[in-house]
Amino acid sequence: MQHYPSPPLFVRWLDRPVFAWLKQAFLPLLMWVLMLVLALVSGPALAQPGQMSIGQAGRYMLSEFYTVLEDKTAQLGFEDVLQSEAQARFKPVTPGASATNFGLSRSAFWLRITLNTQPEAPASWLLEVAYPPLDEIELYVSNPAGGFDRQLGGDSRPFSSRIVPHRNHVLPVTLQPGKASTLYMRVASLGTLAAPVRLWQPAALWAHDQSEYSVLSLYFGLLIGLFFYNLLLFVSLRDRVYLYYVLFVAWIAISQAALTGLGTQFLWPDWPWWVRVAVAASNATSGVFGILFARDFLSSRITMPRLDRFLQLQVALWLLTLAAALLLPYVIAVWLVTVLSGITVTSLVLVGILSVRKKHPGAIYFLVAWAVLLLGVACLALHNTGFLPTNALTTNAMMIGSALEMVLLSFGLANRINVAIAEKEQAQASSQVEHAMVEALSESQERYRAVLQERETILATSNVGIVFLTPQGRFRWANQATLEIFGATQLQATSMEPFYQSREEYLRVGGEVAACIAHGEVYQTEIQMRRLDGSLIWISLSGKAVVTRDLAQGTVWVMMNITQRKALEAELLRTSSEREAILNSALVGIVLSVARRHEWVNEKFAQMMGYPRAEMIGQSSAAYHLSRQDWEQFGREASEALVSSGTFTAERQLRRRNGEGFWVQMGGSCIRPNDPESGVIWTFLDITQRKKSEEKTREALEQQRELNELRSRFVAMTSHEFRTPLSSILSAQELLKHYGDRLPESEKADILEGISVGVHRMMRMLDRVLLIGKADAQMLEFMPKPLDLKPLFHELLEEARAQQPGTPCKVGVEFARGMSEGVYDEKLLRHIFGNLLSNAIKYSPQGGEVRFEVSIEPGHSVFVVSDQGIGIPSDEVGHLFESFHRASNVGAISGTGLGLAIVKNAVTVHGGTVEVDSRAGQGTRFTVWLPAG
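- Within an unreviewed UniProt entry, the label attached to the chain reads histidine kinase, and the organism entered is Polaromonas aquatica.
- On record in UniProt, under Catalytic activity (unreviewed entry), the comment for the chain is "ATP + protein L-histidine = ADP + protein N-phospho-L-histidine."

Structure below.
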């Protein structure tokens, strides 16, 4: 056996059973990864080549939806691509995740896609090409002016020239919401040509970067930890294999930094030359140190001399590859790295298998490590040549494989040391184990004894009665609380039967206990039992079998004296019943409401609403309001008042079950101050009769007000209308009295005529007042008879004209053909149309045309009186037919305010209707409909 210096203490922990687990878990893990890789080869079919709808999602995968044009000469410009001949050459990309992985190709590829942007989609996006080693990118995006905006990218350009500083190639794109935008992208590369394209909203890309950078941080953190850890081992042990491992880890880290774009972003952003060769050069250097590490780790020069010479040849080839990467065209170095990686890893896996068969220390970890790396190299090689799609697994296959390889090789190094010291420690461990077992057994016995004593003390001093009974119901053990509950001593407490009120009850409980235990259940009950002194007590009893479903080992019981609680419950029930009776006999409705649902209502409220009490419990109060809106408004008002003051009162109209509305006076008070969520107690008093009384009172007051107003108008009218004729009569009487004997007969006749006119005027006014009185008393006489209407209306027209002898109005009448007779009350017709014609002439002081039109409609005779006079203010039309009402714009024109009231009543008696259409200063039109007679 090969021996090594004793390692530091901080590495000895690595020799643990976890390595055996790794051996068992590796093969299933490898199979799972292979199946995942194979599943990723196929992708979703292209739904619509060259088209994609853009909405509000954070990310869109564009690669599968591109159409592609291969430019084998790499000489086509953008203007050439826009030509119809070139446009016809665009073909859909190969369906699947490898759609835009073109392998190692010297061609340039033009990618085209049309993005149909939804109106609600944002305008600003970021286009990410997630393959950092890509050399050249040209992006053309259509703009609103009909042209295209051009942007450049790729790792052949200095990192400082990138618009968006990112490890991948990220270019800002502006789309037109609600319109289509066309994107052209030219990609070319001396190495692997892959263009996995994703369209991001900026916030979504930054969020995605957080998770990616976290993974990369873990990866590089792992490599840095392994680097310094094994460097410390090299300094401590001076073993060359650790130096090779440290250098291997360092160049693997540089290689992955180049592949992930982190090196370009943070380490060598201004070295375009090194950016171009970094991937191939670092892979070649890591290959050199990886083989040197393997030769030293497995001692291949001694154990496998022929294979060792082959490994030395590979070291030379890797050095040539490094020189090619630095001096020759990049594509040559890429092919060399791709081919040599597979050969080297396969060789090292073979060496590992042989070493495992020879039981070399750490060989199993070496084999697993290089097998995992072989899988990563295979994935990367297949990706680089275009056989595998571009995705997170294939582009990072080398990173994933190298991380696992580094960890496993580190375990192998540790195991290599641990094997050396295992035999030394084995003998010491055997004796230590025996001694430890003796001490552990002694400590276990002592702990068990202490636990039993502790539990015994707890059970004995518990305030709850605890009893262990035999299958026959006899006491095997009882604590002090149990004895105090039943007033017995240990000697007196031999069985539970004496504490039951009767043997029958004892047997009944025993049967129930047996049934519960047979079903594996705990038996629980509350039962009245008897103390040893004969007094009755209530016991809460809970018991279960020591062994589930088996009474043979006895039962354990917990007992509590609940006599006081039972007494309180009985008292509470009694007081609750009393309060229930008091509240149910109250004359007002009482409700407890929580969250606007009834938790309790009294009988009065149920009767008030017309519901059974049981049906109202749990019901929403919305059912009692006139409408949903009314209920919601009430809730807002009540909630504000309850929160601010804790109480709320209002008078509202509610609805009974039968739909009848009624008025209540309601008041609410929070259970907890100013917290309606805790519940509200409401009281309801039916005030429907009071509301009706108030309404009747208001109506009576309104009638009284109208009577007072009518009286005032009457007094004002009579004082005006009577004073004028009376003054004239008085003046005439004075003239006749003092100068009658000297006046000529003609003047006396004029004076007497004036007295006669004044008397007739007062008589007409009194007739109108009496007529209004009869109409109000519903005593207006109605005596219809056949009438010849034309002579009557001509007569009324002449009378109206005679009442206003100096009028400038033109008066005309128009009769419809066939309209001559009708059955009407002549006296009432004279009142109707005499007043309307007289008013039309009187209230047209400036002249104009007064027309009287008579026509026939089915079932009615229609009479229209219109003028072009002063009109009626629109806000006074509603009061026009009231007694003693005169419009505000009549000025000095005389009148009593009774004419239109008489017209209204006379038309109503005939069973007809009258309408008025008037505007101040524009004239008036009265239309009367009377039943055809």
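### Side note on helix α9 (residues 305-327)
Side chains of residues three or four places apart in an α-helix project in the same direction, reflecting 3.6 residues per turn.
And step 1. Here α9 contains 23 residues, and its C-alpha end-to-end distance of 33 Å stays within 8% of the 33 Å for a straight helix at 1.5 Å per residue.
And step 2. Listed as buried for α9 are Asp308, Leu311, Gln314, Val315, Trp318, Thr321, Ala324 and Ala325.

### Points about the nonpolar core
And step 1. One finds Tyr219, Trp268 and Trp318 to be the most contacted residues of the largest nonpolar core, which totals 51 residues.
And step 2. Elements with a minimum of two residues in this core: α4 (202-237), α5 (240-260), α7 (272-298), α9, α10 (330-357) and α13 (397-461).
And step 3. Grouped together as the second largest cluster of nonpolar side chains are 36 residues, Tyr824, Ile841, Val907 and Val928 included.

### Some words on the pattern of salt bridges
And step 1. Counted under the stated rule, the structure contains 29 salt bridges.
And step 2. A salt bridge links Asp675 to Arg672, with the nearest nitrogen and oxygen atoms 3.0 Å apart.
And step 3. Ionic pairing is found between Arg690 and Glu694, a salt bridge with its closest N-O pair at 3.3 Å. With Arg690 and Glu694 both in helix α20 (residues 688-739), this residue pair falls four residues apart, about one helical turn.
And step 4. The partly exposed category is assigned to Arg690, whose relative accessible area is 32%.

### Side note on the sheet that holds strand β22 (residues 661-672)
And step 1. With antiparallel pairing, the five strands of this open sheet are ordered in space as β20-β19-β23-β22-β21. At either end of the open sheet lies a strand with only one pairing partner, and these are β20 (597-601) and β21 (647-655). Averaged over all pairs of adjacent strands, the angle between their axes in this sheet comes to 30°, without regard to strand direction.
And step 2. Pairing of strand β19 (residues 589-594) with β20, which is carried by four bridges, proceeds in the antiparallel orientation. In the sheet register, Leu592 faces β20, and the bridge partner there is Trp600.
And step 3. Packed onto the sheet, helix α19 (residues 628-645) meets β21, β22 and β23 (675-686) and runs at close to 165° relative to β21.

### Points about a nonpolar patch on the surface
And step 1. On the surface, Phe310, Leu313, Leu317, Leu320, Trp335, Val339 and Ile343 cluster together into a nonpolar patch covering about 620 Å² of accessible area.
And step 2. When residues of the nonpolar patch are traced back to their parent elements, those giving at least two are α9 and α10.
And step 3. Looking at which element gives the most residues to the nonpolar patch, the answer is α9, with four residues.
And step 4. With a relative accessible area of 35%, Phe310 lands in the partly exposed category.

### Structural notes on the pairing of strand β17 (residues 536-547)
Remark: a regular strand shows side chains that alternate across the two faces of the sheet.
And step 1. In this structure, strand β16 (residues 523-530) lies alongside β17, joined through eight bridges in antiparallel fashion. Each bridged residue has a counterpart across the sheet, and for Met529 the counterpart in β17 is Ile537.
And step 2. Joining the antiparallel neighbours β16 and β17 is a turn of five residues, in which Gly534 adopts a positive phi near 95°.
And step 3. The pairing of β17 with strand β18 (residues 550-561) spans eight bridges and is classified as antiparallel. Looking across to β18, one finds that Gly543 is bridged to Trp557.
And step 4. Where β17 hands over to β18, the hairpin turn is made up of two residues, of which Arg549 adopts a positive phi near 65°.

Scoring rules and cut-offs
- Residues numbered from 1 in each chain as written.
- Predicted model: local features only at pLDDT ≥ 70, side-chain atom pairs only at ≥ 80, totals over all residues.
- Heavy atoms only, no water.
- UniProt positions renumbered as here; feature names shortened; annotations may be inferred.
- Helix = DSSP H or I, 4+ residues; strand = E, 2+ residues; numbered from the N terminus.
- Expected span 1.5 Å × (residues − 1).
- Buried < 20%, exposed > 50% of the residue type's maximum accessible area, 1.4 Å probe, protein only.
- Core = buried A, V, L, I, M, F, W, Y, C linked by side-chain atoms within 4.5 Å.
- Salt bridge = Lys/Arg side-chain N within 4 Å of Asp/Glu carboxyl O.
- Pairing = 2+ DSSP bridges.
- Axes fitted to C-alpha atoms, helices over the stretch in contact; angles between N-to-C directions.
- Contact = heavy atoms within 4.5 Å.
- Patch = residues over 30% accessible without salt bridge, like charges linked within 9 Å, V, L, I, M, F, W, Y side chains within 5 Å.
- Areas by Shrake-Rupley, 256 points an atom, 1.4 Å probe, with all protein chains shown as cover.

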